[in-house]
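# Examination of the molecular architecture
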Amino acid sequence: MRPPLWPLVLAAGAGRRLAPITGRVPKQFWRPDGRTSLLDDTLARLARLTPAARTVTVVDRSHRPYVEAVARPARLGHVVYQPSDQGTAAGVRLGLLHAGADPDATIVMTPSDQGIARPALFHAGLALAIDDVRRGRSEMVAFGVEADRPEQDYGWITPARAEDGRRLASVAAFVEKPEASAAARLFTSGALWNTMVLVTRAGALADRFRRHLPDLAEVFDTASHLRAADQEAFLDRVYASLPRYDFSRDLVAAVDGLSLVVWPNAMGWSDLGTPDRLAEWQSAKRHRHAVVRADDARGTRVTVDFEPRLLASAASE
């Protein structure tokens, strides 16, 4: 029997940079003109992988009103309210604490506030990574997307060549928000935008925390041995004093031997981290919905969904 698959959705961001557009609603919860939010879209993509009962969504306690207004709230699965913002590493480890107890479980970690225009390509890349992790070929798989400009506001991944006999390439280096000249060099060299999506084995991720962030890991290892009610009280008491770490910089970038899936630029990925990018995405989304509605009226299918066979073996339980 295959180990269970657990999506871990990171939705605790405050979205302050986008406040002029969203009216101070965190961008992952923002529903312009009543349409779906970025979190809704993320959960819809993940619904293809596994039942919602095995999804963990990490939010901030201040997000409770937005959580209660989510379309199809059952898709959120286990909603975990972090007591305070103590950095992304603590948020990831908190989510992992609630992702079942099986160290062989496959974790699909993703931000909740990114745009993906062609989910078919997203699922195809996930299928490769999930299969690689489950077969023991990789412990941790990062995802980069082909760049079409020297963007300074993104993180970058420098890929290494795939080793003989392996389907996936590997990560040579991470670069976070480079200066203009460095971004130009990265773009010219064929480096990739870092999507922050990660596929790994639960036990391997917990071990990486112990190795690279032992002070943080110790707190959550202690919590993992407590009963549910005691665990919540314990974390409420200690969370504000946790050391602050950035998950990408302080843990993922410190790990050797990461495998890499490269998504094509045609997937239409964006982290939507600036007002301009978010406004452009929402405009394109309105256009796509208008085209779909027009074609639906004529009885013509215009959207290309992912091929179910791509995930049949990777996501089956």
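Preceding block: the structure.
Here goes a summary of the coordinates provided. Note that residues are indexed from 1 along each chain, following the sequence as it is written. Totals for whole chains, interfaces and linings use all residues, but because this is a predicted model, local features are given only for residues with pLDDT of at least 70 and pairs of side-chain atoms are given and counted only at 80 or more. Only hydrogens and water are set aside when side-chain values are computed; all heavy atoms of the structure are taken into account.

## Side note on the packing of helix 4 (residues 88-97) against helix 8 (residues 214-224)
Operational definition: Whenever a helix is involved, its axis is fitted only over the stretch in contact; in every case the axis is a line through C-alpha atoms, and angles between N-to-C directions fall within 0 to 180 degrees. Secondary structure is summarised from DSSP: a helix means a run of H or I of at least four residues, a strand means a run of E of at least two, and numbering begins at the N terminus for each. Every angle not falling under 35 degrees, over 145, or within 65 to 115 is termed oblique; those three ranges are roughly parallel, roughly antiparallel and roughly perpendicular. By definition, turning the near helix anticlockwise from the far helix through less than a right angle yields a left-handed crossing, and turning it clockwise yields a right-handed one. Contact criterion: two residues are considered in contact whenever any of their non-hydrogen atoms come within 4.5 Å of each other. For this scheme, ten residues count as nonpolar: Ala, Val, Leu, Ile, Met, Phe, Trp, Tyr, Cys and Pro. Four count as charged, namely Asp, Glu, Lys and Arg, and the remainder, Gly too, count as polar.
It is the contact of helix 4 with helix 8, at a shortest axis distance of 11 Å, that shows an interaxial angle of 20 degrees. The angle between helix 4 and helix 8 places the two elements in the roughly parallel class. Of the two possible hands of crossing, helix 4 and helix 8 adopt the one that is right-handed. For the pair formed by helix 4 and helix 8, the contact residues are Ala 89, Ala 90, Arg 93, Leu 94 and Leu 97 on the first element and Leu 216, Phe 220, Asp 221, Ala 223 and Ser 224 on the second. When its residues are assigned to classes, the contact of helix 4 with helix 8 shows seven nonpolar, one polar and two charged.

## Quick word on the pattern of salt bridges
Condition: The term salt bridge refers to a pairing of a side-chain nitrogen on Lys or Arg with a carboxyl oxygen on Asp or Glu at a separation within 4 Å. Buried, partly exposed and exposed residues are distinguished by accessible area as a fraction of the type maximum, computed with a 1.4 Å probe on protein chains only: under 20%, between the cut-offs, and over 50%, respectively.
Counted by the stated rule, this structure contains 24 salt bridges. Residues Asp 131 and Arg 135 are paired through a salt bridge, measuring 2.9 Å at the closest nitrogen-oxygen approach. The class of Asp 131 is buried, set by a relative accessible area of 10%. With a shortest N-O distance of 3.0 Å, Asp 230 and Arg 227 are connected by a salt bridge.

## With respect to the side chain of Lys 27
By the element assignment, Lys 27 lies in the loop between helix 1 (19-22) and helix 2 (38-46). Lys 27 gets classed as buried once you look at its relative accessible area, which sits at 7%. Apart from residues lying up to four places away in sequence, Lys 27 is in contact with Leu 18, Thr 22, Leu 38, Asp 113, Asp 271, Leu 272 and Gly 273.

## A look at the nonpolar core
Heads up, the condition is: As used in this record, nonpolar core signifies buried Ala, Val, Leu, Ile, Met, Phe, Trp, Tyr and Cys residues forming a set joined through side-chain atoms within 4.5 Å.
Counting residues in each nonpolar core, the largest one holds 43 residues, and the members touching the most others are Phe 209 and Phe 247. The element that contributes the greatest number of residues to this core is helix 4, accounting for six residues. Beyond its immediate sequence surroundings of up to four residues, Phe 209 is in contact with Ala 89, Val 92, Arg 93, Pro 214, Leu 216, Ala 217, Phe 247 and Leu 251. Counting residues in each nonpolar core, the second largest holds 36 residues, with Phe 29, Val 59, Tyr 154 and Trp 156 among its members.

## Brief notes about unusual backbone geometry
Despite not being glycine, Arg 24 has its phi angle at roughly 75 degrees, a positive value. Turning to its location among the elements, Arg 24 is positioned in the loop between helix 1 and helix 2. Backbone geometry places Lys 177, a non-glycine residue, at a positive phi of 45 degrees. Residue position: Lys 177 is located in the loop between strand 8 (169-176) and helix 6 (180-189). By relative accessible area, Lys 177 is classed as partly exposed at 43%.

## Description of the packing of aromatic side chains
We count it as follows: Pairs were defined over the aromatic rings of Phe, Tyr and Trp, the Trp ring being its six-membered one, requiring ring centres within 6.5 Å. Orientation was assigned from the angle between planes: stacked under 30 degrees, edge-to-face over 60, tilted for the rest. Geometrically, a charge over a ring is one whose NZ (Lys) or CZ (Arg) sits within 6 Å of the ring centre while staying within 35 degrees of the ring normal.
Using the criterion set out here, one finds nine aromatic pairs in the structure. Considering the side-chain rings of Trp 156 and Trp 193, the 6.4 Å spacing of their centres and the 75 degrees angle between planes classify their relative orientation as edge-to-face. Residue Trp 156 is found in strand 7 (residues 155-160), and its partner Trp 193 is found in strand 9 (residues 192-201); the two are separated by 37 residues along the sequence. What makes Trp 193 buried here is its relative accessible area of 2%. One aromatic cluster is present, built from ring pairs that chain together Tyr 154, Trp 156, Trp 193 and Trp 269. A cation over an aromatic ring shows up here: Arg 45 above the ring of Phe 122, its NZ or CZ 5.4 Å from the ring centre. Against the face of Tyr 81 rests Arg 64, its NZ or CZ located 4.1 Å from the ring centre.

## Quick word on the pairing of strand 4 (residues 106-111)
For clarity, the cut-off: Strands are treated as partners if at least two bridges between them are detected by DSSP.
Counting buried residues in strand 4 gives six out of six residues, a clear majority hidden from the surface. Burial along strand 4 is two-sided: the face carrying Thr 106, Val 108 and Thr 110 and the face carrying Ile 107, Met 109 and Pro 111 are both buried. As judged from the six bridges shared by strand 1 (residues 5-10) and strand 4, these two strands associate in the parallel manner. Bridged to Leu 8 within strand 4 is Met 109. With four bridges joining them, strand 4 and strand 9 adopt antiparallel strand pairing. Each residue of the ladder has a partner; that of Thr 106, found in strand 9, is Arg 201.

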